[in-house]
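What follows is the residue order along each chain.
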Amino acid sequence: GESVGLHLPTLSVQEGDNSIINCAYSNSASDYFIWYKQESGKGPQFIIDIRSNMDKRQGQRVTVLLNKTVKHLSLQIAATQPGDSAVYFCAETTGTYKYIFGTGTRLKVLA
Amino acid sequence: EAGVTQFPSHSVIEKGQTVTLRCDPISGHDNLYWYRRVMGKEIKFLLHFVKESKQDESGMPNNRFLAERTGGTYSTLKVQPAELEDSGVYFCASSQGVGETQYFGPGTRLLVL
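Let me sum up the structure you'll find in this document. What you see is a predicted model, and the numbers here were worked out from it, not measured in a lab. (Residues numbered from 1 in each chain as written. Chains lettered and ligands numbered in written order. Predicted model: local features only at pLDDT ≥ 70, side-chain atom pairs only at ≥ 80, totals over all residues. Heavy atoms only, no water.)

## Section: the interface of chain B and chain A
By a widespread convention, an interface's size corresponds to the accessible area lost as its parts come together.
And then number 1: Counting from both sides, the interface comprises 24 residues of chain B and, opposite them, 24 residues of chain A.
And then number 2: A buried area of about 2,000 Å², summed over both sides, lies between chain B and chain A, and 56% of it is on carbon and sulfur atoms.
And then number 3: Considering only the side of chain B, the residues that lose the most area to chain A are B:R37, B:I43 and B:F104, jointly responsible for 25% of the buried surface there.
And then number 4: In this structure, the salt-bridge partner of A:K98 is B:D56, at a minimum N-O distance of 3.3 Å.
And then number 5: Every element with two or more residues in the side of chain B that touches chain A is listed here: β4 (31-38), β5 (44-50), β9 (88-95) and β10 (103-104) of chain B.
And then number 6: Ranked by residue count, the leading element in the side of chain B that touches chain A is β4(B), at three residues. (Contact = heavy atoms within 4.5 Å. Buried area = accessible area lost by both parts, 1.4 Å probe. Salt bridge = Lys/Arg side-chain N within 4 Å of Asp/Glu carboxyl O. Helix = DSSP H or I, 4+ residues; strand = E, 2+ residues; numbered from the N terminus.)

Here is the structure:
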């Protein structure tokens, strides 16, 4: 697959448990952050975003937390399901168009 | 509403050949972006169009890459001549406004032999 050669950290979670995926971002001036989910053979799919004037945002089964002090972003998935298995990317931008992506985390949901 | 589409989904070519990738953004999105992920690396920005104008092509690796967006609708990315290191996945994304969420296409997987 396209992730061969890209040594992704992997998170293995039991089905039904909560997942927490972490991301350290690089630019303290970044003011917009996005989480994407990429399934095998597909493009990055938007999950949730957050602007720097917030520290928490919730969606359906997902929550993003932003800690600007330590430049840390996390994605929490509640009641993880098999369909959540994918690679998750965080992206940051300084309010412009140029997204800077992290290396990604592979989430494996165990039955 | 149709999402971003890309063609072809896969392309295998020999070194020195030419390949043209196509991207159709979400209807009404003036902003179109090209990104790529080469083996073992992160997804990296290549360039940005607003309508038919190139706003930023600072991520284009070299002059073997040419992107166009005639008429401000679909865009093409041509690699000529292709080299081995061009292998990777090329993603297109679009957004309604600058600074708004970018929606990605499925990508074109390019393999240069």
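## Points about the state of the cysteines
All names here are of chain B.
And then number 1: In the structure shown here, the tally under the stated rule is two disulfides over all chains.
And then number 2: Bridging C23 to C92, the disulfide has an S-S length of 1.8 Å. When the S-S torsion is -60 degrees, as for the bridge of C23 with C92, the disulfide is left-handed. Highlighted residues: C23 in strand β3 (residues 19-24) and C92 in strand β9, separated in sequence by 69 residues. Of the two residues examined, C23 and C92, each falls in the buried class. (Disulfide = S-S within 2.5 Å. Buried < 20%, exposed > 50% of the residue type's maximum accessible area, 1.4 Å probe, protein only.)

## Observations concerning the nonpolar core
Residue and element names in this part refer to chain B.
And then number 1: Among the nonpolar cores identified, the biggest contains 21 residues, and W34, L46, L47, M60, L77 and Y90 are the most heavily contacted of them.
And then number 2: At the level of elements, β3, β4, β5, β7 (65-68), β8 (75-79), β9 and β11 (108-112) are the ones that each hand at least two residues to this core.
And then number 3: Contacts of L47, omitting those with residues within four sequence positions, involve L32, Y33, W34, K54, D56, E57, M60 and A67. (Core = buried A, V, L, I, M, F, W, Y, C linked by side-chain atoms within 4.5 Å.)

## Topic: the pattern of salt bridges
And then number 1: Summed over all chains, the structure comprises nine salt bridges over all chains.
And then number 2: Linking A:E39 and A:K42 is a salt bridge whose minimum nitrogen-to-oxygen distance equals 3.8 Å.
And then number 3: Residue A:E39 is classed as partly exposed on the basis of its relative accessible area, which comes to 25%.
And then number 4: The salt bridge partner of A:D49 is A:R57, with a shortest N-O separation of 2.3 Å.
And then number 5: Members of the salt-bridge network, linked through shared partners, are B:R64, B:E85 and B:D86.

From the geometry alone we can't say anything about function, so treat these as descriptive.
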